[in-house]
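Observations on the three-dimensional arrangement
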Amino acid sequence: MGFEARIRVVTRALLGVMLAGAVTASLYGQKMMLVEPPAPLLPQQVGKWVKAAPSSAVDATAAATGADAQLLQEDGLQRSERGVYHLAGNPAQTITVTARQFVDATGAHAAYSYFLRPGAQYRGPKIGDETADDFLLRSGTTVVSAKSKAGTTATDGMLSALVPHLPKVGGAKGLAPLLPTYLPTKGLKTETVKYALGPVGFEAMGGVVPAGIVGFDKAAEAVMGNYAGEGTLTLFLYPTPQIAGDHGRLIAAEMTRQGRAAGTVKLRRDGPLLMLTTGAWKVADAQKMVEGIHLHEVLSWNKPLPLEFHAEVQKTYSLLFSIAVFCGVGALAAIILGLFLGGGRAAIRVMQGKPAATEPEFLRIDLSGAAARLHTDASEPERLQ
């Protein structure tokens with residue numbers, strides 16, 4: 001092998017060693033993270049009911065398709081799964097279950113109220129946190145609907161056994177929204193209650209005002225319900241009373257524009273809460289309704305505040321903090337400067353053999369004509385002639 005060939009072999013070997021070292025250092029320098037996939041929404045078996053394979057499980061983007069796509073995305077859909085269960089030993093009895101998981105219970109409740117259809121009040125067993133006719137239920141952050149060929153009793157039993165297998169979420173995300181609890185229960189048709197977090201849901205539930213003036217971009221919430229023999233009551237909840245007042249004026253102007261077509265209109269604000277009656281109310285009943293609703297003393301808010309509200313709070317905090325820091329630094333600098341100048345002057349006097357502290361020296365004008373002594377820093381006083 002020639003000299004040049006040997007040089008090429010050695011060079012390639014060195015390059016290989018350097019590359020291997022770089023790869024090893026890179027691997028050691030990076031943290032290896034293993035992400036465990038989430039458990040399936042629907043179990044393979046629920047009691048005697050076995051899920052046929054395969055079931056369709058998709059993420060939030062693929063799940064939100066069709067007419068309900070925008071609304072489900074607005075409510076915070078994360079993922080969904082659909083499975084067909086058949087009774088062991090009797091394949092003819094089937095239950096098709098669709099489960100949709102949302103970011104929090106607030107979004108799940110909004111979707112549940114959207115799928116809720118008006119009709120007779122539900123009289124069956126309570127399953128999960130909320131239950132309605134047509135095999136619709138909500139458990140935490142998951143909304144479940146079913147279509148059955150096995151009878152009502154068997155389906156209720158299967159869904160009751162399914163609830164413990166659904167995802168469990170704790171903390172603020174697991175809390176249901178507070179706003180629907182402000183609807184007075186007397187005369188309320190519970191199957192007509194609709195709750196919305198955005199303009200799509202508000203329009204879908206038949207909102208009495210244009211969604212654009214409600215203020216959903218300011219983190220508003222809305223709930224609406226019909227009352228037996230009366231009209232409709234709509235409640236709006238905002239992060240602050242100021243935001244509620246601004247949009248309350250817009251809603252009042254819209255009601256004035258609608259005139260008699262809106263029915264009996266009564267609008268009242270209590271802090272961040274707006275109450276609005278429309279429809280065939282008696283004037284006295286509508287007035288009594290809005291005056292009887294008050295905010296609870298403890299109001300929990302599990303929705304993020306709008307970005308501009310956070311920005312204003314942050315700006316105010318930064319300004320006050322900067323002022324406090326400036327005043328503190330100025331006071332400290334004044335103290336240090338005073339000590340430095342006063343101590344320096346005293347030290348200079350001591351080095352000159354004089355006392356550190358002296359009485360102030362004043363010039364005095366004597367108009368009597370007599371000679372006066374002038375005290376100076378010299379050891380011998382001088383006389384004015």
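Refer to the structure above for everything that follows.
Reference entry: report on the structure contained in this document. (Residues numbered from 1 in each chain as written. Predicted model: local features only at pLDDT ≥ 70, side-chain atom pairs only at ≥ 80, totals over all residues. Heavy atoms only, no water.)

Some remarks on unusual backbone geometry
Keep this limit in mind: Segments assigned H or I by DSSP are reported as helices when at least four residues long, segments assigned E as strands when at least two residues long, and all are numbered from the N terminus.
Within the chain, phenylalanine 135 stands out as a residue other than glycine whose phi angle is a positive 55 degrees. The residue phenylalanine 135 is located in the loop between strand 6 (130-132) and strand 7 (136-139) in this model. The phi dihedral of alanine 219 is positive, around 65 degrees, even though this residue is not glycine. Among the secondary structure elements, alanine 219 is positioned in the loop between helix 6 (199-204) and strand 10 (221-226).

Quick notes on the sheet that holds strand 10
Think of a sheet as strands paired side by side through backbone hydrogen bonds, with each pair either parallel or antiparallel. Selection criterion: A pair of strands counts as paired when DSSP detects no fewer than two bridges linking them. For helices, the fitted axis covers only the stretch in contact; all axes are lines through C-alpha atoms, and the angles between them, taken along N-to-C directions, range from 0 to 180 degrees. Between two residues, a contact is recorded if the distance between any of their heavy atoms is within 4.5 Å.
Strand order in the open sheet formed by 5 strands is 9-10-11-13-12, with antiparallel pairing between adjacent strands. On the outer flanks of this sheet lie strand 9 (194-196) and strand 12 (266-270), each paired with one strand and no other. Going across the sheet, the axis of each strand differs from the next one's by a mean of 15 degrees, ignoring polarity. Here strand 9 runs beside strand 10; their pairing, made up of 3 bridges, is antiparallel. Counterpart to alanine 196 in the pairing with strand 10 is alanine 222. Contacting strand 11 (232-237), strand 12 and strand 13 (273-278), helix 7 (residues 241-258) runs over the sheet at an angle of about 15 degrees to strand 13.

What about the pattern of salt bridges?
Defined as follows: Any Lys or Arg side-chain nitrogen found within 4 Å of a carboxyl oxygen on Asp or Glu counts as a salt bridge. Only protein chains enter the accessibility calculation, which uses a 1.4 Å probe. A residue is then buried if its area is under 20% of the maximum for its type, exposed if over 50%, and partly exposed in between.
Summed over all chains, the structure comprises 6 salt bridges. Linking glutamate 81 and lysine 51 is a salt bridge whose minimum nitrogen-to-oxygen distance equals 3.1 Å. Residue glutamate 81 is located in strand 4 (residues 77-87), and its partner lysine 51 is located in strand 2 (residues 49-51); the two are separated by 30 residues in the primary sequence. Overall, lysine 51 belongs to the buried group, its relative accessible area being 7%.

Some points on helix 5 (residues 152-162)
This is how it is decided: Here the arc refers to the directions that run from the helix axis out to each C-beta atom.
For helix 5, the complete set of buried residues consists of Thr155, Asp156, Met158, Leu159 and Leu162. Taken around the axis of helix 5, the buried residues stretch over an arc of 165 degrees, which confines them to a single face. Check the buried side of helix 5 and you find it contacts strand 1 (45-46), strand 2, strand 4, strand 5 (90-102), strand 7 and strand 8 (142-148).

Structural notes on the packing of aromatic side chains
For the record, the criterion: Side-chain rings of Phe, Tyr and Trp (the six-membered ring for Trp) are treated as a pair once their centres are within 6.5 Å; stacked means planes under 30 degrees apart, edge-to-face means over 60, and tilted covers the remaining angles.
The tally for this structure, following the rule as stated, stands at 5 aromatic pairs. Between phenylalanine 202 and phenylalanine 236, the ring centres sit 6.0 Å apart and the planes meet at 50 degrees, which makes this aromatic pair tilted. Separated by 34 residues along the polypeptide, phenylalanine 202 in helix 6 and phenylalanine 236 in strand 11 bring together distant segments of the chain. By the burial criterion, phenylalanine 202 is buried, and phenylalanine 236 matches it.

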